[in-house]
Amino acid sequence: LSHRSPKIVYRLVKAGIRVNSVSPGNVWTPLWESCSALEENPIAARKGGDLVQHAGRKATIYETGRLCLAIATDMTFTTGVDHIHSGGAEVGYGTK
């Protein structure tokens, strides 16, 4: 979506419609939990996901939802933005 966002924004902003996107990194979800549980060492699998985040942990579903809520309600002049929600992972992957 992020590469299409500017074109969509251009067409919709004049109608008062804002277009933003959220690009999450590792978020602790039931899928993460079930997939790591299948690994030989589930604790190590979870820790490995944390170690690629500069924040040292995964985001929570709650944090991701709060970002979406803030974009929808508080950031009323924000449009055409891809909000990277990754705990700094985009700075460079790998064990931190």
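Turning our attention to the packing of helix H2 (residues 30-37) against helix H3 (residues 42-51). Running from N to C, H2 and H3 cross one another at 135°; their axes reach a closest spacing of 8 Å. As far as their axial angle goes, H3 and H2 are oblique. Where H2 approaches H3, its residues Trp 32, Glu 33, Ser 36 and Ala 37 are matched on the opposing element by Pro 42, Ala 45, Arg 46 and Gly 49. Broken down by class, the residue content of the contact of H2 with H3 amounts to four nonpolar, two polar and two charged.

In the structure shown here, the tally under the stated rule is two salt bridges. Residues Asp 50 and Lys 58 are paired through a salt bridge, measuring 2.7 Å at the closest nitrogen-oxygen approach. When the shortest N-O distance is used, the salt bridge between Arg 57 and Glu 63 registers 2.7 Å. Taking relative accessible area as the criterion, Arg 57 reaches 41% and is therefore assigned partly exposed. On the basis of relative accessible area, Glu 63 is assigned to the partly exposed category, the value being 26%.

Relative to the helices and strands, Gln 53 resides in the loop between H3 and strand E3 (59-60). Side-chain polar atoms of Gln 53 contact the side chain of Asn 26, separated by 3.0 Å.

Turning our attention to the side chain of Thr 78. Its place among the elements puts Thr 78 in the loop between helix H4 (61-73) and strand E4 (82-85). Overall, Thr 78 belongs to the buried group, its relative accessible area being 18%. Filtering out sequence-adjacent residues up to four positions away, Thr 78 remains in contact with Arg 18, Asn 20 and His 83.

With that settled, consider H4. With 13 residues, H4 extends 18 Å between its outermost C-alpha atoms, agreeing within 8% with the 18 Å of an ideal straight helix rising 1.5 Å per residue. Taken together, the buried positions of H4 are occupied by Thr 64, Leu 67 and Ile 71. Buried residues along H4 cover an arc of 55° about the axis, so they all sit on one side. Residues of H4 that are exposed and point more than 90 degrees away from the buried face comprise Ile 61, Tyr 62 and Ala 72. Looking at the packing, one finds that the buried side of H4 touches strand E1 (21-24), strand E2 (27-28), E3 and E4.

This part takes up the packing of aromatic side chains. A full pass over the atoms with the stated rule returns one aromatic pair. Between the NZ or CZ atom of Lys 58 and the centre of the ring of Trp 32, over which it lies, the distance is 4.5 Å.

Conventions and cut-offs
Residues numbered from 1 in each chain as written. Predicted model: local features only at pLDDT ≥ 70, side-chain atom pairs only at ≥ 80, totals over all residues. Heavy atoms only, no water. Axes fitted to C-alpha atoms, helices over the stretch in contact; angles between N-to-C directions. Helix = DSSP H or I, 4+ residues; strand = E, 2+ residues; numbered from the N terminus. Parallel < 35°, antiparallel > 145°, perpendicular 65-115°, else oblique. Contact = heavy atoms within 4.5 Å. Nonpolar A, V, L, I, M, F, W, Y, C, P; charged D, E, K, R; others polar. Salt bridge = Lys/Arg side-chain N within 4 Å of Asp/Glu carboxyl O. Buried < 20%, exposed > 50% of the residue type's maximum accessible area, 1.4 Å probe, protein only. Polar contact = N/O pair within 3.5 Å; in protein donor to acceptor, adjacent residues only side chain to side chain. Expected span 1.5 Å × (residues − 1). Arc of directions from axis to C-beta. Phe/Tyr/Trp six-rings, centres within 6.5 Å; stacked < 30°, edge-to-face > 60°. Lys NZ or Arg CZ within 6 Å of the ring centre and 35° of its normal.

These results come straight from atomic positions and should not be treated as a statement about function.
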